[in-house]
Amino acid sequence: MEGTECAVATSTGMSAILLVALTTLKAGDHVICSRSMFGSTIKLLGTEMARFGVETTFGSQTDIAAWKAAVQPNTRLFFAETPTNPLTDLCDIAALAELAHASGALLAVDNSFATPILQQPAKLGADIVVHAGTKFLDGQGRTMIGAVCGSIALVDKVMGTFLRSGGLNAAAYNAWTVMKGLETLSLRVKAQSAAALELAQWLEAHPQVARVYYPGLRSHPQYELAMRQQNGLGGAVLSFDVHGGSPEALRKNAFHVVDHTQVCSITANLGDVKTTITHPASTSHGRLTEEQRQAAGLGQGLIRISVGLEHLDDLKADLSRGLDTYQ
Ligand SMILES: *Cc1c(COP(=O)(O)O)cnc(C)c1O
């Protein structure tokens, strides 16, 4: 599905990323990654790998010049994730691949959010594609699994060997479950993406919504890139800000909206055919300080939705209950 020579399955998405780190890096090497990646990836590459002598620079998600400026003679790996969670910022995969290769580094892309239905990073030049199959690939919140895709020389020979020695392999039952999920991936992602676009447009026109973040909207600062890179689709994940003023007021209003839902499942998971709603500032990004969150543009009024396959009228009614009644 990713158009690569081969793939190996791992126990989780994080073990896929650990496998990439442990097989492409050694003491003295340097990695560049975006500062708005998945929290555990930031912890793994930024903190855990430092104990093994690996140095990491966190750069901008959207600005290629910042990646270029961060390159060092010992840079071995670029690690990117696009679009990001929850603000849906993109990076230009083809441009990053070109820069990585000119710098003597490999480019790895976490494609968990977009899935190969929206984008195939290897076709744009990425050397390694990783997946948290826990999300869209399974699609029904049933299992944890991951994957690394790439060349036979790297992914089969080097990573496959390490995986068996290191015990990062997927459990057989989980592999069977995700294979069932893959049978409907294309249908699900296209339908969820179409529903997310309609919901994003509806939210953007709603007076109680301050701002919507969704790559399929013309108001998204990287709309052109999204349409080019993501097969004309915005994906299933969107975020929006409620109004409020102070962080306390924003948080109160966001909680009001989340707590008034009945159809959406309140959970930090995503990629499920069941719509999930979450308040990033108190869940996925709850460990950051308020200053760090504000620097990342991730306020207390922000709500993330991973759109599933329910009837859109039900989802709109579900969100209206809270949106129409907060002060
Ligand atoms: C969830 C997620 C991961 C980690 O996957 P697990 O299977 O939960 O370990 C990695 N990257 C992204 C983008 C994710 O959303």
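Quantities reported herein were computed from a predicted structural model and do not represent experimental measurements. (Residues numbered from 1 in each chain as written. Predicted model: local features only at pLDDT ≥ 70, side-chain atom pairs only at ≥ 80, totals over all residues. Heavy atoms only, no water.)

Help me understand the packing of helix 8 (residues 185-204) against helix 12 (residues 312-323) in this model?
Relative placement of two packed helices is described by the angle separating their axes and the distance separating the axes. At a minimum axis distance of 11 Å, the contact between helix 8 and helix 12 shows a crossing angle of 35 degrees. The handedness of the crossing between helix 8 and helix 12 comes out as right-handed. Across the interface between the two elements, Ala195, Glu198, Leu199, Trp202 and Leu203 from helix 8 touch Leu312, Leu315, Lys316, Leu319, Ser320 and Leu323 from helix 12. When grouped by side-chain class, the residues that make up the contact of helix 8 with helix 12 number eight nonpolar, one polar and two charged. (Axes fitted to C-alpha atoms, helices over the stretch in contact; angles between N-to-C directions. Helix = DSSP H or I, 4+ residues; strand = E, 2+ residues; numbered from the N terminus. Left-handed = near helix turned anticlockwise from the far one by under 90°. Contact = heavy atoms within 4.5 Å. Nonpolar A, V, L, I, M, F, W, Y, C, P; charged D, E, K, R; others polar.)

Is there a simple way to explain the pattern of salt bridges in this structure?
Pairing of side chains with opposite charge becomes possible as their charged atoms draw close. Evaluated as defined, the whole model comprises 11 salt bridges. Of the charged contacts, one joins Lys157 and Asp156 as a salt bridge, the two residues approaching to 3.8 Å between their closest N and O atoms. Because the salt bridges share partners, they merge into one network encompassing Lys26, Asp29 and Arg76. (Salt bridge = Lys/Arg side-chain N within 4 Å of Asp/Glu carboxyl O.)

How do you make sense of the packing of aromatic side chains when you look at a structure like this?
One pair of aromatic rings is described through two measures. These are the centre distance and the angle between the planes. Counted under the stated rule, the structure contains two aromatic pairs. Geometrically, the ring pair formed by Trp67 and Phe78 is tilted, given 5.5 Å between the ring centres and 35 degrees between the ring planes. One end of the pair, Trp67, is in helix 3 (residues 64-70); the other, Phe78, is in strand 4 (residues 75-81), with 11 residues separating them in the sequence. Comparing Trp67 with Phe78, the two get one shared label, buried. Ring centres 5.8 Å apart and planes at 35 degrees place the aromatic pair Tyr173 and Trp176 in the tilted group. Here Trp176 and Tyr173 lie together in helix 7 (residues 172-182), a separation of three residues that amounts to about one turn. This pair shows no difference in class: Tyr173 is exposed, exactly as Trp176 is. (Phe/Tyr/Trp six-rings, centres within 6.5 Å; stacked < 30°, edge-to-face > 60°. Buried < 20%, exposed > 50% of the residue type's maximum accessible area, 1.4 Å probe, protein only.)

Whenever I open this one, the sheet that holds strand 8 (residues 209-213) confuses me. Can you help?
One key point about sheets: their strands pair by backbone hydrogen bonds, in either a parallel or an antiparallel sense. Ordered in space as 8-9-12-11-10, the five strands form an open sheet in which the pairing is mixed. A strand with exactly one partner marks an edge of an open sheet, and here the two such strands are strand 8 and strand 10 (265-266). As paired elements, strand 8 and strand 9 (residues 237-242) share four bridges and run antiparallel to each other. Note that in strand 9 the partner of Arg211 across the bridge is Asp241. Contacts from helix 8 reach strand 8, strand 9 and strand 12 (302-306), with the element oriented near 10 degrees to strand 9. (Pairing = 2+ DSSP bridges.)

I tried to follow the site of the ligand on my own but got confused; where do I start?
Within the structure, the ligand sits among Thr12, Gly13, Met14, Phe38, Glu81, Asp110, Ser112, Phe113, Ala132, Thr134, Lys135 and Met144. A distance of 2.6 Å is found between a nitrogen atom of the ligand and a side-chain nitrogen or oxygen belonging to Asp110. Thr134 is positioned such that a nitrogen or oxygen atom in its side chain is 2.5 Å from an oxygen atom of the ligand. The fraction of the free accessible surface of the ligand (380 Å²) that becomes covered by protein chains is 93%. Among the residues forming the shell around the ligand, the class breakdown is five nonpolar, four polar and three charged. (Near = heavy atom within 4 Å. Polar contact = N/O pair within 3.5 Å; in protein donor to acceptor, adjacent residues only side chain to side chain. Areas by Shrake-Rupley, 256 points an atom, 1.4 Å probe, with all protein chains shown as cover.)

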